[in-house]
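# Topology and contacts: notes
Residue-level listing of the chains:
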Amino acid sequence: FASIGRAARLIFDPALAGIAVKALLLTVLLFAAGLALGEYALSRLPVLGSPAVNAFLELLAPLVFIFGGVVLGPPMAALLASLFLDQIAARIEQRDYPGMPARPASFAVTLRAGLKLAALVVGINLALLPFDIGLPGLGELLSLAANGWLLGREYFELAALRHLDLAGTLALRRENSGTIWVGGILIALGSMVPLVNLAAPLFGTALMVHLFHQMLARNRA
């Protein structure tokens, strides 16, 4: 709970204002681009029986976009983590964990990891879509659990690999899999809520950085 509180306060931390603004603007631009593309696609549809049908679909587009934001929020959070995690982690560690040597991963490596995870999240959500439609409530819980597992794993590994090798990272993740999964569920839940999903990548990054350092300190104690 302490890590959750510290991660939430990050969004309003003046020291990280520049990174937060960039992340929020990029998220808004991606959602706006999605809405614009959806509207354009609807405008190019042939007349479906009656012009009124097409007009109705165009009016329905914002609602479809909101639903799409719920579905696409988790993969977007995965992608944005790869772009901003290293910068945010470095600022947090300079302030809260001084003296901890880090070896930041290259931009190409983190971007590749983010794109791979985003594709995996999209695939999982598409696979679970029949459950979302056929089993309302249960389907959403399954999606939340799956997205939480994927996002928690990715965010934690990106934070841990700044300090540990791959073997050490995987061992620490396995020892704390339950905590990391709960943290991932919080990230996934935030990424699925309109407007809240704008800050989900920032919150998720800070949460996993704090959790990693707590777990590392406990293991070394």
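Here we summarise the structure given alongside this text.

## Things to note about the pattern of salt bridges
- Taken as a whole and assessed by the stated rule, the structure comprises four salt bridges.
- Linking aspartate 96 and arginine 95 is a salt bridge whose minimum nitrogen-to-oxygen distance equals 3.1 Å.
- The shortest N-O distance in the salt bridge between arginine 173 and glutamate 157 comes to 2.9 Å. Taken together, the residues span a long stretch of sequence, with arginine 173 in helix H6 (residues 166–175) and glutamate 157 in helix H5 (residues 138–160) at a distance of 16 residues.
- Take glutamate 157: its relative accessible area is 13%, and that puts it in the buried class.
- Salt bridges linked by common partners bring Arg153, Glu157 and Arg173 together as one network.

## Considering a nonpolar patch on the surface
- Nonpolar side chains collect at one region of the surface, where Phe131, Leu135, Leu138 and Leu142 lie side by side and expose about 330 Å² of accessible area between them.
- For phenylalanine 131, the location among the structural elements is in helix H4 (residues 107–134).

## A look at the nonpolar core
- Within the largest apolar cluster, 35 residues are counted, with the highest numbers of intra-cluster contacts made by Phe156, Met208 and Phe212.
- Within the residue set of this core, elements represented by two or more residues are helix H2 (17–43), helix H3 (51–96), H4, H5, helix H7 (177–191) and helix H8 (200–220).
- Counting residues per element, this core draws most heavily on H8, at ten residues.
- Leaving out residues up to four positions away in the same chain, methionine 208 has contacts with Gly152, Tyr155, Phe156, Ala159, Ile180, Gly183, Gly184 and Ile187.

## Looking at the packing of aromatic side chains
- Across all of its chains, the model carries one aromatic pair by this definition.
- When the ring of phenylalanine 156 is compared with that of phenylalanine 212, the centres are 6.1 Å apart and the planes differ by 65°; the resulting orientation is edge-to-face. With phenylalanine 156 in helix H5 and phenylalanine 212 in helix H8, this pair connects stretches of sequence that are 56 residues apart.
- Since its relative accessible area comes to 0%, phenylalanine 156 is described here as buried.

## A look at the side chain of threonine 205
- Considering the arrangement of structural elements, one finds threonine 205 in helix H8.
- Setting aside anything within four residues of it in sequence, one finds threonine 205 in contact with Leu85, Ile88, Ala89 and Tyr155.

Basis of the calculations
Residues numbered from 1 in each chain as written. Predicted model: local features only at pLDDT ≥ 70, side-chain atom pairs only at ≥ 80, totals over all residues. Heavy atoms only, no water. Salt bridge = Lys/Arg side-chain N within 4 Å of Asp/Glu carboxyl O. Helix = DSSP H or I, 4+ residues; strand = E, 2+ residues; numbered from the N terminus. Buried < 20%, exposed > 50% of the residue type's maximum accessible area, 1.4 Å probe, protein only. Patch = residues over 30% accessible without salt bridge, like charges linked within 9 Å, V, L, I, M, F, W, Y side chains within 5 Å. Areas by Shrake-Rupley, 256 points an atom, 1.4 Å probe, with all protein chains shown as cover. Core = buried A, V, L, I, M, F, W, Y, C linked by side-chain atoms within 4.5 Å. Contact = heavy atoms within 4.5 Å. Phe/Tyr/Trp six-rings, centres within 6.5 Å; stacked < 30°, edge-to-face > 60°.

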